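Next come the chains, spelled out residue by residue.
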There are 2 protein chains.
Amino acid sequence: MESIVTDSSAVHFNEQAFTELLNHISINSYSKIFVLVDENTKIHCLPIFKNMVNFEFILLQITSGEIHKNIETCVKVWNDLSNLNADRKSLLINLGGGVLTDLGGFVASTFKRGINFINIPTTLLAMVDASVGGKTGVDLGVLKNQIGVINQPQMVLVVPNFLKTLEERQLHSGFAEMLKHGLIESEAYWQELKRVSDFENLDKLIHDSVLIKNEVVLEDPTEQNRRKTLNYGHTLGHAIESHFLEDEDKETLLHGEAIAIGMILEAYLSTVVTGLTQSSLKDISETFLSRYKKVSFTDNDIEIILSLLKYDKKNSHGNINFVLLKTIGDTQIDVKIDSELFIEAFSYYKHL
Amino acid sequence: MESIVTDSSAVHFNEQAFTELLNHISINSYSKIFVLVDENTKIHCLPIFKNMVNFEFILLQITSGEIHKNIETCVKVWNDLSNLNADRKSLLINLGGGVLTDLGGFVASTFKRGINFINIPTTLLAMVDASVGGKTGVDLGVLKNQIGVINQPQMVLVVPNFLKTLEERQLHSGFAEMLKHGLIESEAYWQELKRVSDFENLDKLIHDSVLIKNEVVLEDPTEQNRRKTLNYGHTLGHAIESHFLEDEDKETLLHGEAIAIGMILEAYLSTVVTGLTQSSLKDISETFLSRYKKVSFTDNDIEIILSLLKYDKKNSHGNINFVLLKTIGDTQIDVKIDSELFIEAFSYYKHL
């Protein structure tokens, strides 16, 4: 499958990915190679990785989960690197989902003011979402990705073989980002994804998603205009995810599950503000509800979620900026929303 | 005094500095402006700053001192920014010495993946050393500047008027970096600095130092070659500084005091390895000993200091890379040193 060249990086697929990795290692005289895993990827993905490579490396391990995507975990990895005499010519390979590649990328970008790193996303979400764009970072308290930098890995290896190690719920979570790529960029891709009934052979669709995201990011790397469209569903989705993460009585929502709800809510807003048709809203709502479980929100939940919106990174000058749909496949950015519309949107979702 | 244009930034001097700042503020529609101070600059420098500006700002405060230049302090400032609704269009102005501008620059570079910042160094050290090059960062334990990024401020304001707020010991600390600029780049500048008997009017000499550093950094921003020369005296100097910071029984050395010792020790190494003459060594030793107090090192101190060398950021592949002098004004980079020579150098220093 053809490699996708990104801004000063590249995404390589399947068998070719490891060929490119081995080639990169052989032409760069790294002083030490570190591989970062969590307890899950250590068991399920590291054996596959070991089978494919011929170089020595030092294993570093963190604990999985969004609640560990924080500065304390960074301090642990920075100290591990220091204690193991990592220097500026060392390489960090991040083998894991988006939490691990986001955190590992930030750790590498800031260790001794920056060492090289390579991402090997092992979840569908990380393959289609975190693989291009160079976003690295960690959470600050419950606020997602508040701390980070934009910095490109040397390369990204997308090996769908790793998906066999995942539970179905994780695959659905990543699939939500692919559906988003259809909604913001291509109705044809949206229709194609809707026909997917199992996750047996996603290779081509993953490649399509990476292509879409890469095209958007290349045109607008610093998120002034078009890149903002990738945040569709994320403004409310992130706030919902944060709230469910913070509230110990709530079952934690996976990222894709939270933004699936965000995409329904923001599709409702789109019908009111940017002219999305009722039939498209129905299509979007039914597609997500058939794939993701419906969640109940109390009035108190909604109040907290709306209060979290003010920390959204896209805000400026006190305004909350939304990306909405004009049609399936076309968007409008920097839309301001009256607060009573949020209540209407949650009410629409509740009565679906 | 003429502004110095650096890599995607600029250093402005004296009265013109505030004109440039006010102009920058008026043409950028920042959502909020934050000013970061410590308890010293709040008392001594903030009143001067307030007198010169006409815009509203929100004050943020940290505790002064190298031991607070760490991730915990960053977390405090990140949280302050979050709680005060800073967004991506906010500006952070760092008003303080090198600890504050290094830390504030790192906080700004990583908050929501990067907001604009402006540095106003208030110490001589920060004016001549931290004002160009875009190095930001904090310490990890006792290891100096292990965590950071290279990122340029929007501008740097060098206002020697702030130096009137400093104690003489602080001025001497900064003066050591100026002497270093002479040693690595210009014998004429070194001779000129040796004639300085008080710190009443340093404006032109500060401008010269910034020019020297800027020329070096512009030619080699990523520290592959020439920029390494700025580390003269710092390999041993940093290790000495770290050890005296860590050991509670030792009086803390200021940065310039530690690298003054480092410059004598590395001048000794230079006579053995890179052909520095004995008379130059004598000149360097006498110049520093006449301005900086002599420190006693026990055998145990020396052992610890040498063990700290392995964490130096310039190391690669397990080698400790030194910058040494060929003559006063000319250097050689990437020099490896046999460990017995270190003992000789400390012995030379002891018997001065």
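Since the structure is predicted, the reported quantities are computational estimates derived from the model, not experimental observations. (Residues numbered from 1 in each chain as written. Chains lettered and ligands numbered in written order. Predicted model: local features only at pLDDT ≥ 70, side-chain atom pairs only at ≥ 80, totals over all residues.)

When you go through chain A residue by residue, the secondary structure sums to 14 helices and 11 strands. The globule rule puts the C-alpha radius of gyration for 352 residues at 20 Å, and the 20 Å found for chain A is close to it. For the C-alpha atoms alone, the extent of chain A along its principal axes is close to 55 × 40 × 35 Å. Evaluated residue by residue, chain A yields a buried proportion of 52% over its 352 residues. If you take every contact in chain A between residues at least 6 apart in sequence, the share linking residues at least 24 apart comes to 74%. (Helix = DSSP H or I, 4+ residues; strand = E, 2+ residues; numbered from the N terminus. Rg over C-alpha atoms; globule rule 2.2 N^0.38 Å. Buried ≥ 20, exposed ≤ 12 C-beta atoms within 10 Å, placed from the backbone. Contact = placed C-beta atoms within 7 Å.)

Rotating chain A by 180° and moving it 0.0 Å along the rotation axis overlays it on chain B with an RMSD of 0.0 Å. The symmetry that links the two subunits is that of a two-fold axis. Among all residues of chain A, the one whose C-alpha sits closest to the rotation axis is I71 of chain A, at a distance of 4.1 Å. With an isologous cut-off of 70% or more, the 100% of interface residues of chain A that recur at the interface of chain B puts this contact in the isologous class. (Least-squares fit on C-alpha atoms with pLDDT ≥ 70 in both.)

Residue and element names in this part refer to chain B. Contact geometry of helix α11 (residues 255–273) with helix α14 (residues 339–350) gives a least axis separation of 9 Å together with a crossing angle of 120°. Judged by the inter-axis angle, α11 sits oblique to α14. Crossing angle aside, the handedness with which α11 passes α14 is right-handed. Where α11 abuts α14, its residues I261, I264, L265, Y268, L269 and V272 lie against L341, A345, F346, Y348 and Y349. In terms of residue class, the contact of α11 with α14 is built from 11 nonpolar, no polar and no charged. (Axes fitted to C-alpha atoms, helices over the stretch in contact; angles between N-to-C directions. Parallel < 35°, antiparallel > 145°, perpendicular 65-115°, else oblique. Left-handed = near helix turned anticlockwise from the far one by under 90°. Nonpolar A, V, L, I, M, F, W, Y, C, P; charged D, E, K, R; others polar.)

Bringing the domain arrangement of chain A into the picture now. Residue and element names in this part refer to chain A. Taken domain by domain, chain A comprises domain 1 (4–167) and domain 2 (169–222 + 230–350). Look at where the C-alpha atoms of domain 1 and domain 2 centre, and you get two points 26 Å apart. Of the residues lining the interface, 24 residues belong to domain 1; the matching set on domain 2 comes to 29 residues. Where the side of domain 1 that touches domain 2 is concerned, the elements lending two or more residues are β1 (4–6), β2 (9–13), α6 (124–130) and β8 (143–147). Here the side of domain 1 that touches domain 2 takes five residues from α6, the largest share from any one element. Along the lines of polarity and charge, the residues of the side of domain 1 that touches domain 2 split into 15 nonpolar, four polar and five charged. (Domains from an automatic or database assignment.)

Taken together, the contacts link 32 residues of chain A with 32 residues of chain B. Residue assignment for the side of chain A that touches chain B shows that the elements contributing at least two residues are α4 (71–83), α5 (98–110) and β8 of chain A. Among the elements that line the side of chain A that touches chain B, the one with the most residues is α4 of chain A, at five residues. Looking at the side of chain A that touches chain B residue by residue, the classes come out as 10 nonpolar, 14 polar and eight charged.

The subject of this paragraph is the pairing of β2 of chain A. All names here are of chain A. When you tally the buried positions in β2, you get four out of five residues, the bulk of the element. For β1 and β2, the ladder comprises three bridges, and the chain directions are antiparallel. When the sheet's bridge partners are listed, V5 is paired in β2 with A10. In this antiparallel pair of consecutive strands, β1 and β2, the connection spans two residues, and S8 shows a positive phi of 55°. (Pairing = 2+ DSSP bridges.)

Bringing the nonpolar core into the picture now. By size, the foremost hydrophobic cluster in this structure holds 208 residues, and its most contacted members are L36 and V158 of chain A together with L36 and V158 of chain B. Once residues within four sequence positions are removed from consideration, V158 of chain A is found in contact with V11, F13, A17, P121, M127, S131, I206 and V210 of chain A. (Core = buried A, V, L, I, M, F, W, Y, C linked by C-beta atoms within 7 Å.)

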